[in-house]
Amino acid sequence: MRRLAVLGHPVAHSRSPAMHNAALDALGMAGEWRYEAIDVAPEGFEERVRAMPGEGFVGANVTVPHKEAALRLADTASPVADAIGAANTLGFEAGAVQADNTDAGGLIRALPGRVRGRRALVLGAGGAARAAIWALAAEHAVVDVVDVWNRTSSRAEEVALQLGGAPIEAPRLSSYGLVVNATSVGLHGENPFEELLPLAEGRLDSEQVVVDLVYGDKPTRLIEAAEAAGAHTVDGIEVLVQQGALSFEIWTGRKPPLDTMRSAARL
Ligand code: ATR
């Protein structure tokens, strides 16, 4: 059996096992490959990863709170994982650990073509924001401008400087064609229109593309409001599916069926 897994803490809520196992099944690979969820606390993370190649694991996804640790312990890292400072995908070959990051590429694939050449506003300065800023500004340069707003402005300055965006203290929402929520606001029911100043003070409109990296069992308030305003929306599950598909290709060398992954992730 070739084994795959997602490592997180907590991880029980993860959609990744259902999504990847559905893809393996659809490609007739389910007899040989299996994807599981492994809950591991930070103290045990490195030891757990080091044991995986010997247990038949070919690779793993890594999620909160282990993405930075995953990059640190890897023997080799892709340029994108290095630039972002975090890994969401590990591969094990000949006992060595290779780190990659498909969060950035997943976001790019989830975006509609019309964001090209627009001004983008990224909300947040944590790990999710780093991948988004790098994806939009550094590598793909799909947009003209990437402004970064964060509740703690010093963090926005730091990550923008590192990754090719520009920090902004009081962005005017209507001047952006792309708005990405890369904060954790909304994850536990918080209202982004109260917690995030640019959203509280501005208005969304039908010309905009709005991405919420937060996802749950139902559409987030931000996605609902953006839809009501007539904006093009991309939710966190679509980004999850796209990053998962890229990881799947890294491990198996095969392109997974996106629709199969989508319906499994949305169940
Ligand atoms: P992740 O790696 O998931 O991005 P993180 O590094 O903890 O997680 O970052 C969380 C992000 O959400 C940060 O940008 C944080 O803002 P601060 O840097 O000011 O803490 C943002 N965030 C979380 N709760 C928030 C809230 N209630 N209002 C505004 N921003 C919030």
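Up top is the structure.
For every chain, the first residue of the written sequence is number 1, and numbering continues from 1 along that sequence. Only residues with pLDDT of 70 or above have their local features reported here, since the model is predicted, and side-chain atom pairs are shown and tallied only from 80 upward, although totals for entire chains, interfaces and linings are computed over all residues. Each side-chain value is derived from all of the structure's non-hydrogen atoms; neither hydrogens nor water enter the calculation.

**What about the packing of helix 5 (residues 103-110) against helix 11 (residues 236-252)?**
No. 1: Working convention: axes come from line fits to C-alpha atoms, limited for helices to the stretch in contact. Angles between N-to-C directions cover 0 to 180 degrees. What counts as a helix is a DSSP run of H or I of at least four residues, what counts as a strand is a run of E of at least two, and both are numbered from the N terminus. Interaxial distance between helix 5 and helix 11 falls to 8 Å at its minimum, and their mutual angle equals 125°. Taken together, the axis directions place helix 5 and helix 11 in an arrangement best described as oblique. As for the relative orientation of helix 5 and helix 11, their crossing is right-handed in sense. Here D103, G105, G106, L107, R109 and A110 of helix 5 lie close against helix 11, whose contacting residues are E238, V239, Q242, Q243, L246 and E249.
No. 2: Here the term charged refers only to Asp, Glu, Lys and Arg, the term nonpolar to Ala, Val, Leu, Ile, Met, Phe, Trp, Tyr, Cys and Pro, and the term polar to all other amino acids, Gly among them. For the contact of helix 5 with helix 11, the per-class residue count stands at four nonpolar, four polar and four charged. Oblique is the label for any angle not covered by the other classes, which are roughly parallel (under 35 degrees), roughly antiparallel (over 145) and roughly perpendicular (65 to 115). Here a crossing is taken to be left-handed if its near helix is turned anticlockwise relative to the far helix by less than a right angle, and right-handed if that turn runs clockwise. Contacts are assigned to residue pairs that have any heavy atoms within 4.5 Å of one another.

**A look at the sheet that holds strand 9 (residues 166-167)**
No. 1: What the six strands build is an open sheet, ordered 9-8-7-10-11-12; its pairing is parallel. The open sheet has two edge strands with one neighbour each: strand 9 and strand 12 (232-235).
No. 2: By the bridge criterion, four bridges tie strand 10 (residues 178-181) to strand 11 (residues 209-212) in an arrangement that is parallel. Counterpart to L178 in the pairing with strand 11 is V209. A strand pair is defined by DSSP finding two or more bridges across the two strands.

**Let's talk about the pairing of strand 6 (residues 96-100)**
No. 1: Where burial is concerned, the two faces of strand 6 differ: the one with V97 and A99 is buried and the one with A96, Q98 and D100 is not.
No. 2: With two bridges joining them, strand 4 (residues 76-77) and strand 6 adopt parallel strand pairing. Residue pairing for strand 6: T76 is matched across the bridge by Q98.
No. 3: The sheet contact formed by strand 5 (residues 89-93) and strand 6 spans five bridges and is antiparallel. If you follow L90 over to strand 6, its bridge partner there is A99.
No. 4: The antiparallel pairing of strand 5 with strand 6 creates a hairpin that spans two residues between the two strands, and A94 there sits at a positive phi of about 50°. Three labels apply to residues, based on accessible area from a 1.4 Å probe with only protein chains included: buried if under 20% of the type maximum, exposed if over 50%, partly exposed otherwise in between.

**What to know about the side chain of H20**
No. 1: Its location among the elements puts H20 in helix 1 (residues 16-26).
No. 2: With a relative accessible area of 0%, H20 lands in the buried category.
No. 3: Among residues more than four places away in sequence, those in contact with H20 are Y35, N61, G244, F248, W251 and M261.

**Comments concerning the site of the ligand**
No. 1: Distances are taken per atom, and a residue is near a molecule or strand as soon as one of its heavy atoms is within 4 Å of it. Around the ligand, the structure places 14 residues, and the nearest of them are N150, R151, T152, R155 and E195.
No. 2: Two N or O atoms form a polar contact when they lie within 3.5 Å of each other; inside protein one atom must be a possible hydrogen donor and the other a possible acceptor, and for residues adjacent in sequence the pair counts only when both atoms belong to side chains. Contacts to the ligand include N150, whose side-chain N or O atom sits 2.6 Å from an oxygen atom.
No. 3: Contacts to the ligand include R151, whose side-chain N or O atom sits 2.9 Å from an oxygen atom.
No. 4: For the ligand, whose accessible area on its own is 640 Å², the fraction buried by protein is 72%. We get accessible surface area from the Shrake-Rupley algorithm with a probe of 1.4 Å; when it comes to residues, only the shown protein chains can shield them.

**Some words on the layout of surface pockets**
Which parts of space are left empty comes out when a probe the size of a water molecule is rolled across the atoms.
No. 1: Two kinds of site are reported from a 1 Å grid over the protein atoms alone, namely cavities, where a 1.4 Å probe fits but cannot get out, and pockets, open sets with protein on both sides within 12 Å along at least five of seven lines, and residues are called lining when an atom falls within 4 Å of a point. Grid points are joined across faces, edges and corners, and a volume is the space filled by probe spheres set on the points. In this model, the second largest pocket occupies a volume close to 240 Å³.
No. 2: K218, P219, D235, I237 and R266 are the residues nearest the centre of the second largest pocket, which is lined by 17 residues in total.
No. 3: Elements that contribute at least two residues to the lining of the second largest pocket include exactly helix 10 (221-228), strand 12 and helix 11.
No. 4: Looking at which element gives the most residues to the lining of the second largest pocket, the answer is strand 12, with three residues.
No. 5: Residue composition of the lining of the second largest pocket, grouped by class: seven nonpolar, four polar and six charged.

**Some remarks on the sheet that holds strand 2 (residues 33-39)**
No. 1: A sheet is described by the order of its strands in space; here six strands give the open sequence 2-1-3-5-6-4, paired in mixed fashion. The open sheet has two edge strands with one neighbour each: strand 2 and strand 4.
No. 2: Most of the contacts of helix 1 go to strand 2, to which it runs at about 175°, and overall it touches strand 1 (2-8), strand 2 and strand 3 (57-62).
No. 3: Across the sheet, helix 11 touches strand 1, strand 2, strand 3, strand 5 and strand 6, and the angle it forms with strand 3 is around 160°.

**Brief notes about the nonpolar core**
No. 1: For the purposes of this section, nonpolar cores are sets of buried Ala, Val, Leu, Ile, Met, Phe, Trp, Tyr and Cys residues that join through side-chain atoms within 4.5 Å. One finds L111, V122, I133, L136, L178 and V211 to be the most contacted residues of the largest nonpolar core, which totals 35 residues.
No. 2: Looking at this core, the elements that each hand over two or more residues are helix 4 (79-84), helix 5, strand 7 (119-123), helix 6 (127-139), strand 8 (145-149), helix 7 (153-163), strand 10 and strand 11.
No. 3: In terms of residues, this core owes the most to one element, helix 6, which gives eight residues.
No. 4: The contact partners of L178, leaving out residues within four places of it in the chain, are L111, V115, R119, A120, L121, L136, V143, V209 and V211.

By themselves, these observations are geometric and do not establish any function.
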